[in-house]
Amino acid sequence: MLADLTAGAVQDAERRALSRPLSVVERDAAQRSAARDARAALAPTDHVKIIAEVKRASPSRGALAEIADPALQASLYEQGGASAISVLTEERRFGGSLADLEAVTARVSLPVLRKDFIATPYQVFEARAAGADLALLIVAGLERKTLFELHELILQLGMTPLVETHSAEELEVAIDLGADLIGVNARNLHTLELDRDLFGRLADRIPDSAVKIAESAVLTPEDVTRYREAGADVVLIGEALVTGDAVATLQSFLAAGAAPTARGGAR
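Residues numbered from 1 in each chain as written. Predicted model: local features only at pLDDT ≥ 70, side-chain atom pairs only at ≥ 80, totals over all residues. Heavy atoms only, no water.

Just give me the short version of the pairing of strand S8 (residues 181-185), but keep the residues and values in it.
Along a regular strand, successive side chains alternate from one face of the sheet to the other. For S8, a buried count of five out of five residues is recorded, marking the element as mostly surrounded by other parts of the structure. With respect to chirality, the unit in which strand S7 (residues 160-165) leads through helix H8 (residues 168-177) into the neighbouring parallel S8 is right-handed. Bridging between S8 and strand S9 (residues 211-215) involves five bridges; their strand directions are parallel. Bridge pairing in S9 links Asn-185 to Glu-215. (Buried < 20%, exposed > 50% of the residue type's maximum accessible area, 1.4 Å probe, protein only. Helix = DSSP H or I, 4+ residues; strand = E, 2+ residues; numbered from the N terminus. Right-handed = clockwise from strand over helix to strand, strands pointing away. Pairing = 2+ DSSP bridges.)

Written out as structure tokens, the structure is:
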């Protein structure tokens, strides 16, 4: 599944490059104002922060929400207290687009993540040209040399890489990379199965110098509390926010992510 998703994303980028060559995308990226400081926005505090995702569909769940106006959806997330916004730009299985990313970056003041299956420099330049402040790199989908090169390019363009892992071995690669933002995705992108305890098993291995981000398996406030207790600094949430009242759901998740003392004593 991951190989197919990555290959499809690269093919779509190659198609776009026929009408918008790399030189044009590089120029547009250079003309963008400086990227927002995502590392500062997601820095650890006494409560879990949330990256709220604009997500129409997924391979595991199919269609989730129409989201006719992704910028409006993102503005609701900002209103509800999110610390950053994630925008799915993969077209084939997630129903996203670069137009969604551009619309969101133009509307909100929060850092915005391009979430896609990025495997080429062209896609990185596209992300910056569209206004992205962060770009996702999935360790499982990239050769080590490519991963290191794309990580360096993202930094050179002033963005922040979010390096996603799914195992102890992949986590070691992210640590060797010197990643500031390390995500642990509970969903295995090869099989689409969920391992709800994966973050808890890996969290202690993530250096304190890195922001610890838990991804997937969040449908209720209790899921956020579980991640907080396992050591998450940030939780990335998509499905639960697009299938209900975005502001109310987000605020309930933020309350669940507060430390016990901040809620008036331990449970």
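Can you lay out the side chain of Asp-233 for me, pointing to particular residues and giving the numbers?
Here Asp-233 shows up in the loop between helix H10 (221-230) and strand S10 (234-237). For the buried Asp-233, no salt bridge exists, and the shortest N-O distance to an oppositely charged side chain is 6.0 Å, to Lys-212. Here Lys-212 takes part through its backbone nitrogen, which lies 2.8 Å from a polar atom of the side chain of Asp-233. Look past the residues within four positions of Asp-233 in its chain and what remains in contact with it is Pro-44, His-47, Val-48, Lys-49, Ala-210, Val-211 and Lys-212. (Lys, Arg positive; Asp, Glu negative; His and termini not counted. Salt bridge = Lys/Arg side-chain N within 4 Å of Asp/Glu carboxyl O. Polar contact = N/O pair within 3.5 Å; in protein donor to acceptor, adjacent residues only side chain to side chain. Contact = heavy atoms within 4.5 Å.)

Could you give an account of the pattern of salt bridges, naming the residues involved and the relevant values?
On inspection of all chains with the given rule, the structure shows 19 salt bridges. When the shortest N-O distance is used, the salt bridge between Glu-91 and Arg-15 registers 3.1 Å. Here Glu-91, found in the loop between strand S4 (84-88) and helix H5 (98-107), pairs with Arg-15, found in helix H1 (residues 2-19); they are 76 residues apart in sequence, far enough to count as distant. Overall, Arg-15 belongs to the partly exposed group, its relative accessible area being 43%. In this structure, Glu-126 and Arg-16 form a salt bridge, with 2.6 Å as the shortest nitrogen-oxygen distance. Of this pair, Glu-126 sits in helix H6 (residues 121-129) while Arg-16 sits in helix H1, and the two are 110 residues apart along the sequence.

An account of the nonpolar core is needed here, citing residue identities and associated values.
Counting 71 residues, the largest nonpolar core has Tyr-77, Ile-85, Tyr-227, Val-235, Ile-237 and Phe-253 as the members making the most contacts within it. Not counting the four nearest positions on each side in its chain, Phe-253 is found in contact with Ile-50, Val-218, Leu-219, Thr-220, Pro-221, Val-224, Ile-237, Ala-240 and Leu-241. One finds Ile-51, Ala-84, Leu-113 and Leu-181 within the second-largest nonpolar core, a separate group that totals 21 residues. (Core = buried A, V, L, I, M, F, W, Y, C linked by side-chain atoms within 4.5 Å.)

Please set out the side chain of Ser-75 residue by residue, giving values where relevant.
Tracing the chain through its elements places Ser-75 in helix H4 (residues 70-80). Owing to a relative accessible area of 19%, Ser-75 belongs among the buried residues under this scheme. Engagement of the side chain of Ser-75 in a polar contact is seen with the backbone oxygen of Leu-72, the distance being 2.6 Å. Apart from residues no more than four positions distant in its own chain, Ser-75 is found in contact with Arg-107 and Val-108.

Give me the lowdown on the packing of H4 against helix H12 (residues 246-256), citing residues and values where you can.
Each pair of packed helices gets described by two things: the angle between the helix axes and the distance between those axes. The contact between H4 and H12 brings their axes to 8 Å, and the two run at 40°. Between H4 and H12 lies a crossing of right-handed hand. Here Gln-73, Leu-76, Tyr-77, Gln-79 and Gly-80 of H4 come into contact with H12, specifically with Ala-246, Val-247, Leu-250, Gln-251 and Leu-254. Taken together, the residues of the contact of H4 with H12 break down into six nonpolar, four polar and no charged. (Axes fitted to C-alpha atoms, helices over the stretch in contact; angles between N-to-C directions. Left-handed = near helix turned anticlockwise from the far one by under 90°. Nonpolar A, V, L, I, M, F, W, Y, C, P; charged D, E, K, R; others polar.)

Shape descriptors only; they carry no functional weight alone.
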